[in-house]
Amino acid sequence: MRVNTLKRAAVAFALALPAAAVATVVAAPAAHADGCYTWKRNLYQGRSGDDVRQLQIRVAGWAGNRDIVENDGRYGPKTAAAVKRFQSAYGLRADGVAGPQTYGKLYDLQDNDCTPRHFSFNEMDDGCGRGGWSGGPLSPAQTRQNALRTMWKLEAMRRSLGDRPLYVSSGFRSRTCNSQVGGASDSQHLYGNAADLTSRTSSLCQLARDARSRGFSGIYGPGYPDHDDHVHVDSRRENDRDDTPNTTSWSAPDCGIGAGND
Ligand SMILES: [Zn+2]
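Residues numbered from 1 in each chain as written. Predicted model: local features only at pLDDT ≥ 70, side-chain atom pairs only at ≥ 80, totals over all residues. Heavy atoms only, no water.

S.K.: Explain the pattern of salt bridges to me, using residue names and the numbers behind them.
M.R.: This model, assessed by the stated rule, comprises 16 salt bridges. Note that Arg-149 is salt-bridged to Glu-238, the shortest N-O span being 2.7 Å. Separated by 89 residues along the polypeptide, Arg-149 in helix H6 (residues 140-160) and Glu-238 in the loop between strand S4 (231-234) and strand S5 (249-251) bring together distant segments of the chain. Across the salt bridge formed by Arg-173 and Asp-196, the nearest N and O atoms sit 3.1 Å from each other. Taken together, the positions of Arg-173 in the loop between strand S1 (166-170) and helix H7 (175-180) and Asp-196 in strand S2 (residues 194-199) put the pair 23 residues apart, joining distant regions of the chain. (Salt bridge = Lys/Arg side-chain N within 4 Å of Asp/Glu carboxyl O. Helix = DSSP H or I, 4+ residues; strand = E, 2+ residues; numbered from the N terminus.)

S.K.: So, the coordination of the zinc ion: which residues are in play, and what are the values?
M.R.: All of the protein donors around the zinc ion are His-189 (NE2), Asp-196 (OD) and His-232 (ND1); their distances to the metal are 2.0 to 2.1 Å. Along the chain, the residues that donate to the zinc ion are spaced as H-x6-D-x35-H. Pair noted here: His-189 is in the loop between H7 and S2 and His-232 is in strand S4, with a separation of 43 residues, a long-range link. Across the pair, exposure class does not vary: His-189 and His-232 are buried alike. (Donors = N, O, S within 2.8 Å, 3.2 Å for Na, K, Ca; no water. Buried < 20%, exposed > 50% of the residue type's maximum accessible area, 1.4 Å probe, protein only.)

S.K.: Can you tell me about the state of the cysteines, naming the residues and giving the values?
M.R.: Tallied over the entire structure, the rule returns three disulfides. Disulfide pairing is shown between Cys-36 and Cys-114; the S-S distance is 2.1 Å. Torsion about the S-S bond of the Cys-36 and Cys-114 cystine: about 105 degrees, corresponding to right-handed handedness. Of this pair, Cys-36 sits in the loop between helix H1 (2-25) and helix H2 (50-59) while Cys-114 sits in the loop between helix H4 (100-109) and helix H5 (121-124), and the two are 78 residues apart along the sequence. Judged by its relative accessible area of 17%, Cys-36 falls in the buried class. Residue Cys-114 is classed as buried on the basis of its relative accessible area, which comes to 18%. Here Cys-205 is linked by a disulfide to Cys-255, with a sulfur-sulfur distance of 2.0 Å. Its S-S torsion of about -80 degrees marks the bond between Cys-205 and Cys-255 as left-handed, since a negative value means left-handed. (Disulfide = S-S within 2.5 Å.)

S.K.: Before we move on, can you summarise a negative patch on the surface with the specific residues and values?
M.R.: Together, Asp-226, Asp-228, Asp-229 and Asp-254 make up a negatively charged patch on the protein surface. Its location among the elements puts Asp-226 in the loop between strand S3 (218-220) and S4. Under the relative-accessibility criterion, Asp-226 is labelled exposed at 69%. (Patch = residues over 30% accessible without salt bridge, like charges linked within 9 Å, V, L, I, M, F, W, Y side chains within 5 Å. Areas by Shrake-Rupley, 256 points an atom, 1.4 Å probe, with all protein chains shown as cover. Lys, Arg positive; Asp, Glu negative; His and termini not counted. Charge placed at Lys NZ, Arg CZ, Asp CG, Glu CD.)

S.K.: Requested: an account of H4, with residues and values cited.
M.R.: Every buried residue belonging to H4 is among Thr-102, Tyr-103, Leu-106, Tyr-107 and Leu-109, and all of these are buried. Down the axis of H4, the buried side of the element spans an arc of 160 degrees, and every buried residue falls inside it. At its buried positions, H4 is contacted by H2, helix H3 (77-89) and H6. (Arc of directions from axis to C-beta. Contact = heavy atoms within 4.5 Å.)

S.K.: Explain the sheet that holds S1 residue by residue, including any values.
M.R.: Strand order in this open sheet of five strands is S1-S2-S4-S3-S5, and the pairing throughout is mixed. Of all strands in the sheet, those with a lone pairing partner are S1 and S5, marking the two edges. Mean inter-strand twist for the sheet, computed between neighbouring axes without regard to direction, equals 25 degrees. The pairing of S1 with S2 spans four bridges and is classified as antiparallel. In the strand pairing of S2, Tyr-167 is matched with Thr-198. Its contacts with the sheet place helix H8 (residues 204-211) against S1, S2, S3 and S4, and it is angled at close to 140 degrees to S2. (Pairing = 2+ DSSP bridges. Axes fitted to C-alpha atoms, helices over the stretch in contact; angles between N-to-C directions.)

Structural data, given as structure tokens:
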């Protein structure tokens, strides 16, 4: 009986040691009430769950050149690399661990409806002015969720290009709207997965070049037919509901961006 107790105590002590060591390196997140989403634990490589998925949505724009951060809820090397780039971009310690500092910046950036600070559902909704996220191939909720993910990539792009406004001239389009404006039949705009961009401070080529490292797998800009007055960005690689292959498709010949010329 007594021996057993001692043994148990020894085991408990041995188990407590590594946990204590980890705790000194990775402090628990401070209590915080956020209108959109609050993380309850630190996240790093090896962790998984919905909290990782929520994080992946918000760092997807820091994917790195020609890459994407899968929204799979698993904190792998790509998520860690994206978190590091996010941390560097905002002047935080770049350790690839999502803890109080990283969450604090994300709380600071996200509005209560979960959109990033500088973009809104309103400006991403039906480009023909009807609104409501309906009339596309997906449910309004799915379409809206795609638009949210697009906006977080745009927020990263805005930061990367010096914190100057980016303008969305067309986001989601219903089927009716898409044919009205002459969009491609399987356009990513139908899914809430695309944005047409302009800027007053960056050239269209600067936008197109930067988009390559913001998790956008579809980019069309200057030199591509009908894209001399805006840059189109989309996330076709992540769209499993369309008829378009899940591959990268870039073309902005006037900017030196094209098939086989990245
Ligand atoms: Zn477009």
